[in-house]
Amino acid sequence: MSRPALNRRALGLALTRIANQGTTQAHETSSRATGHAARRIGLTGAPGAGKSSLAGRLALQRLHPDMNLGVLAIDPSSPKTGGAILGDRIRMDDLAGSENLYIRSFGSRTSADGLTDNLPELLATMDQFGFDEVILETVGVGQVETASRSQVDTLVLVVPPDAGDVVQAMKAGILEVADIIVINKADMASAGKMATEIERILGLRQHAPGDWLPPVVMTSQFKPESIRALSAEIDRHLHWLHASSQWQKKQIERRNYALLRRMERQLREVLDRQAASFHALNQDEQIRRLLLDLSAQQGKG
């Protein structure tokens, strides 16, 4: 039996409201949210890796009539105007037509970790509206994108065949946090060599019995079976995750991220309100005043 159609207008308004809210308002809204937790699949990687196209094909592969699936795509915001092109939504237009599929883009705004402001609250809203699965595509800012790991259940690192210095990427921690590594555009001649190099690097890792060993999957928009293979690996990882001790650890990481982001944004809001004379003070006095202002702000909340 098919799911009832999504109330797209109500969902869209709710997501817009959350995205535009301050830290205290967003937290209060999230705290009131109820509903089951959707499976979360993250796609990360450098710009040009083909994340948007892959996200679209993966969504179509995983979508079934008895489920609701959402795609949240994060685009970089201008550091000057704060605006974003939101091009991922345009590139996914060919996914339109399913009543149970919802696609939405957000600018990264003040976030510098490849995600967006109030992301935990946005994901909680997707839960509230009964989504079974959410695919989260991040900005693709490279080495700092490890932050997305805590917000998703399965993190897929998308690598183009001509990625360059993979060893440097490993040192940056990207390969270390990925659950699945995808060599996209696998029809290119260099794809096989890239897959071999990454498998070699992964083979050098130390791991204990029962640890998850990230598979390397080669995908191509011209080979539907490659998307099915990726989807199967995602299901395998989700099964492992729920059966392991890592599930509880991930929930703690998720809550810690939400708390730290809220504190960071509140501190930024307080700092932006300071008079010019504030910057002539020594750092100890600046910290004291910021903490007092934060405490006063919490009291008003």
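Residues numbered from 1 in each chain as written. Predicted model: local features only at pLDDT ≥ 70, side-chain atom pairs only at ≥ 80, totals over all residues. Heavy atoms only, no water.

Visitor: Sorry, what's going on with the overall build of the chain here?
Guide: Helix and strand counts for the chain come out as 11 helices and 7 strands. Going through the 301 residues of the chain one by one, you find that 47% of them count as buried. Expressed as a percentage of contacts within the chain between residues at least 6 apart in sequence, the contacts between residues at least 24 apart total 76%. Carbon and sulfur atoms make up 54% of the accessible area of the chain, which amounts to about 15400 Å² in all. (Helix = DSSP H or I, 4+ residues; strand = E, 2+ residues; numbered from the N terminus. Buried < 20%, exposed > 50% of the residue type's maximum accessible area, 1.4 Å probe, protein only. Contact = heavy atoms within 4.5 Å. Areas by Shrake-Rupley, 256 points an atom, 1.4 Å probe, with all protein chains shown as cover.)

Visitor: So what exactly am I meant to see when it comes to the packing of aromatic side chains here?
Guide: Two descriptors summarise a pair of aromatic rings, namely the distance from one centre to the other and the angle between the planes of the rings. As enumerated under the stated definition, the model contains 2 aromatic pairs in all. With a centroid separation of 5.8 Å and 45° between ring planes, the pair formed by W212 and W240 is classed as tilted. Placement of the pair is W212 in the loop between α8 (191-203) and β7 (216-218) and W240 in helix α9 (residues 224-243), with a sequence separation of 28 residues. Given a relative accessible area of 23%, W240 falls into the partly exposed group. (Phe/Tyr/Trp six-rings, centres within 6.5 Å; stacked < 30°, edge-to-face > 60°.)

Visitor: How should I be thinking about the environment of L122 in this particular structure?
Guide: Inspection of the secondary structure assignment puts L122 in helix α5 (residues 119-128). Considered as a pair, L122 and I18 are 104 residues apart in the sequence and their alpha carbons are 6.5 Å apart. Non-local contacts of L122, meaning those with residues more than four positions away in its chain, are made with L15, I18, A19, F106, T116 and D117.

Visitor: Help me understand the sheet that holds strand β1 (residues 39-44) in this model?
Guide: Consider a sheet: its strands pair through backbone hydrogen bonds, and that pairing is either parallel or antiparallel. If you trace the 7 strands from one edge of the open sheet to the other, you get β3-β2-β4-β1-β5-β6-β7, paired in parallel fashion. Each edge of the sheet is formed by a strand with only one pairing partner; in this case those strands are β3 (101-107) and β7. Direction aside, the axes of adjacent strands within the sheet are offset by 20° on average. Direction of pairing for β1 relative to strand β4 (residues 133-137): parallel, over a ladder of 5 bridges. Counted as the bridge partner of R39 is E133 from β4. (Pairing = 2+ DSSP bridges. Axes fitted to C-alpha atoms, helices over the stretch in contact; angles between N-to-C directions.)

Visitor: Would you mind going over the pairing of β4 with me for this structure?
Guide: Side-chain direction in a regular strand flips from residue to residue, so the side chains alternate between the two faces of the sheet. The element β4 is extensively covered by neighbouring structure, given that 5 of its 5 residues are classed as buried. Residues of β4 alternate between two faces, with E133, I135 and E137 on one and V134 and L136 on the opposite face, all of them buried. Looking at chain direction, strand β2 (residues 69-75) and β4 are connected through 5 bridges and run parallel. Bridged to G70 within β4 is V134.

Visitor: Is there a simple way to explain the pattern of salt bridges in this structure?
Guide: Think of it this way: side chains of opposite charge can pair up when their charged atoms draw near. Scanning the entire structure with this criterion turns up 10 salt bridges. Between R236 and E233 there is a salt bridge, with the nearest N and O atoms lying 2.9 Å from each other. Of this pair, R236 and E233 both sit in helix α9, separated by 3 residues, roughly a single helical turn. The exposure class of R236 is partly exposed, given its relative accessible area of 42%. Here the salt bridges do not stand alone but share partners, grouping R39, R62, E133 and D235 into one network. (Salt bridge = Lys/Arg side-chain N within 4 Å of Asp/Glu carboxyl O.)

Visitor: What is the right way to look at the pairing of strand β5 (residues 154-159) in this model?
Guide: Among the 6 residues that make up β5, 6 are buried, leaving the element largely enclosed by the rest of the structure. Of the two faces of β5, the one lined by T154, V156 and V158 and the one lined by L155, L157 and V159 are each fully buried. When β1 meets β5, the two strands line up parallel, connected through 4 bridges. Its bridge partner being in β5, G42 is matched across the sheet by L155. Where β5 lies against strand β6 (residues 180-183), 4 bridges are found, and the strand directions are parallel. By the bridge assignment for β6, V158 is matched with V182.

Visitor: Would you take a moment to explain the nonpolar core for this structure?
Guide: The nonpolar side chains of soluble globular proteins are, as a tendency, buried together. Membership of the largest hydrophobic core comes to 23 residues, with the highest contact counts inside it found for L58, L69, I135, V156, L230 and I234. Elements with a contribution of two residues or more to this core: β1, α3 (51-62), β2, β3, β5, β6 and α9. Discounting chain neighbours no more than four positions away, the residues touching V156 are I41, G42, L43, T44, I180, V182, L230 and I234. With 21 residues, the next largest nonpolar core counts L15, A38, V139 and V152 among its residues. (Core = buried A, V, L, I, M, F, W, Y, C linked by side-chain atoms within 4.5 Å.)

Visitor: Explain the confidence of the model for the chain here, please?
Guide: One rule of thumb: low pLDDT means the predicted coordinates there are not for detailed reading. Looking at the chain, the pLDDT average stands at 80 and 77% of residues meet or exceed 70. Here helix α4 (residues 87-91) stands out as the least confident element of the chain, with mean pLDDT 46; α9 is the most confident, with 96. (pLDDT = per-residue confidence, 0-100.)

Visitor: Hey, could you run me through the packing of helix α1 (residues 8-20) against α5 in this one?
Guide: If you want to describe how two helices pack, look at the angle between their axes and the distance between the axes. Interaxial distance between α1 and α5 falls to 9 Å at its minimum, and their mutual angle equals 160°. As far as their axial angle goes, α5 and α1 are roughly antiparallel. Here α1 runs over α5; the crossing is right-handed. Between α1 and α5, the contacting residues are L11, A14, L15, I18 and A19 on the first element and E121, L122, T125 and M126 on the second. Along the lines of polarity and charge, the residues of the contact of α1 with α5 split into 7 nonpolar, 1 polar and 1 charged. (Parallel < 35°, antiparallel > 145°, perpendicular 65-115°, else oblique. Left-handed = near helix turned anticlockwise from the far one by under 90°. Nonpolar A, V, L, I, M, F, W, Y, C, P; charged D, E, K, R; others polar.)

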